[in-house]
Amino acid sequence: MKAANNTLGGTPIGSAAEDKWTISRSKPAILRKALRIALATLNAAGLLTLVIIFAMPFVWMISTSLKTLPETMIFPPEWIPSNPVWQNYADAWNTGPFLNYFVNSIVIAVGILILQMLTIIPASYAFARYKFKGSNFLFGIVMVTLMIPAQLIFLPVYLELSAFKLLNTHLGLILPFASSAFGIFLLRQAFMQISDELLEAARLDQAAEWKIIVRIMVPMVKPVLVTFALFSFIAHWNDYFWPLVMTTNETARTLPLGIAKIREVEGVATWNILMAGNLILVAPILAVFFMSQRQIIKAFVYNGVK
Amino acid sequence: MTVWEKLRPYGMVAPAIIMFSLFFIYPIFYMIYLSMFDWNFVSPTKTFVGLQNFKDLLTEPDFRQVLSNTTIYTVLTVTLTTGLALLLALWLNRKSFFHGFVQGAIFSPHIISLVSISLLWSWLMDPEYGLLNWVIGLAGFGKLEWLSHPSTSLISLVMVAVWKGLGYNALVFIAGLQSIPSDIYEAASLDRSKPWTTFTKLILPMLSPTIFFLVIINMIGSFQVFETIAIMTQGGPVNSTNTLVYYIYEYGFRFFKIGYASAAGVILLIIVGILTMIYFKLLSNRVHYR
């Protein structure tokens, strides 16, 4: 964007040239410069406020997690506790079978991801590349699934899983998400964009179809696959609703449930322990986010643009 | 074409389609079926009651409050999130390191678990020792009850939802803005078009697919709000934050009125269905396309 001097919040980008014209015709140079500095300052102050609004809660979370309980009630607050209480993390961890929660979270998120890859790659390839009878109807099922939020049908799914004796099992938490309509939608688009020539060349070599798919086609859509994998893993790592609804005991429960349960174990107002537990849940995600911010933002925003 | 070649596409889509049928399509019909029965989940017999569950629901004052809570929550969350996000996008749509950093910061709540966000904001909004009350105290205002008073509880939940969704929405808008070809801006500035005119006559129409997309997915998301309510308020105080999915959850899993809860689920399904259809209708008719 060439609108470098156009810093007023809410002003559309295209107006830079306009501003320059009106200002240079009506005001002396020194005033123009003062105005520009004032706007730049306002802009910087605004950006800083934004960062504070969005970062402060996290800072407060870390700060609280390192305090003693009486210290959490002192105002004005001490942002960096003079004697950080690392014990809070151990206390949070010991409120429940946290190792168990942790393993469950990983098994479920990874299990879902693997099954999704195995189901969405062939399905999206078939939808993108083959003409077959009933494909419109079958793709219609994908679209309906895409539009129905899973949160809406939890009651019948619960009864179904209970009939299959899958409540309180990893499999019961994995299977409902073994395929992803969103994933099929994204990948199908990617497969459709691959040029036919490449495929023809491979076919002339008499290569088996599955080899063409695995060796040539899948590597070409790798960026989309990575995008989807990030999206899926984060969504299921964070999920609270399904593990809550589909479990009645601790065997298959995940980290988010363990964190929410600290409050029942430690009492409502032990915010220091709660925030320590909270950090155990948030830190891995934030760490991954800082490392691959670009990729993750792309992964989530992609869905909004296509 | 061999038989195998003919069957291949079906074999490839089968695993996904079977999963969708088992865990999405079939449950929808099962839920509609259940909504016409009286069943407590343990009894071996289900009693057919026709549309009685729906009649009960619609005459139940609690359910009316739930519907109105959900609607108010949705309208406020969607308008504030989408509106503020558009302003933010116009402001932050620059490519510099600092702008990138700010974009990352406002986006970060979107990838954080709702459990964390709910606990964190419960602490920030604590009436006694919460940071928010201290901050507004510095500005000279009295303490607020936030989640603990029926008059502020719902709006507090809206605040949290807006805080969480704003960054994502703004970045989708920014992506939308960047897909507008730059020669259009150049033409507008050559024509000496006023900023406001450029915005209403050019940017807004070009962004309309993005706006509709965000409004609809925000609406569908808000209509099924659950986590923040389950963790922060449990529907209270005095039912002031009870919403549809939480209501279904309580009736299904706490009171074991499966038929009644399913009927509420069917009503939610109809609402989401209508929203989805409006979305596609608008997308195919009114929305501006390049």
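The written sequence of each chain sets the order in which its residues are numbered from 1. Throughout, the order in which chains and ligands are written sets their labels, letters from A for the former and numbers from 1 for the latter. pLDDT decides what is reported in this predicted model: residues at 70 or higher carry local features, side-chain atom pairs at 80 or more are listed and counted, and totals for whole chains, interfaces and linings draw on all residues regardless.

Quick word on the overall build of chain A
- A run of DSSP states H or I qualifies as a helix once it reaches four residues; a run of E qualifies as a strand once it reaches two. Both are numbered from the N-terminal end. If you tally the helices and strands in chain A, you get 15 helices and 0 strands.
- Sequence separation of 24 or more characterises 73% of the internal contacts of chain A that already satisfy a separation of 6 or more. By definition, residue pairs are in contact when their C-beta atoms, positioned from the backbone, come within 7 Å.

Regarding the overall build of chain B
- Scanning chain B from terminus to terminus reveals 12 helices and 2 strands.
- Listing every helix and strand of chain B by position from the N terminus yields α-β-β-α-α-α-α-α-α-α-α-α-α-α.
- When the backbone C-alpha atoms are referred to their principal axes, chain B occupies close to 75 × 75 × 30 Å.
- Within the span of chain B, comprising 290 residues, buried residues form 46% of the whole.
- Restricting to contacts in chain B with at least 6 residues of sequence separation, those with at least 24 account for 71%. We call a residue exposed when 12 or fewer other C-beta atoms sit within 10 Å of its C-beta, buried when the count reaches 20 or more, and partly exposed for counts in between; the C-beta positions come from the backbone.

Describing the nonpolar core
- A:Ile184, A:Leu187, B:Ala89, B:Ala170, B:Phe173, B:Ile248 and B:Ala264 are the most contacted members of the largest nonpolar core, which has 155 residues in total.
- No other element matches the 14 residues that helix 7 (residues 150-178) of chain B contributes to this core.
- B:Ala89 has contacts with B:Ala170, B:Phe173, B:Ile174 and B:Leu177, leaving out every residue within four places of it along the chain. The nonpolar core is taken to be a set of buried Ala, Val, Leu, Ile, Met, Phe, Trp, Tyr and Cys residues joined by way of C-beta atoms within 7 Å.

Some points on the domain arrangement of chain A
Residue and element names in this part refer to chain A.
- Per the domain assignment, the segments making up chain A are domain 1 (13-65) and domain 2 (91-305).
- For the domain bounds, the source is a domain assignment made automatically or taken from a database. Domain 1 and domain 2 are separated by 40 Å when their C-alpha centres are compared.
- The residue classification treats Ala, Val, Leu, Ile, Met, Phe, Trp, Tyr, Cys and Pro as nonpolar and Asp, Glu, Lys and Arg as charged. All others, Gly included, are polar. Tallied by class, the residues present in the side of domain 1 that touches domain 2 amount to 2 nonpolar, 2 polar and no charged.

A word on the interface of chain B and chain A
- Listed as interface residues are 79 residues of chain B and, on the opposing side, 75 residues of chain A.
- The greatest single-element share of the side of chain B that touches chain A, amounting to 18 residues, is contributed by helix 1 (residues 3-34) of chain B.
- Per-class residue counts for the side of chain B that touches chain A are 58 nonpolar, 17 polar and 4 charged.

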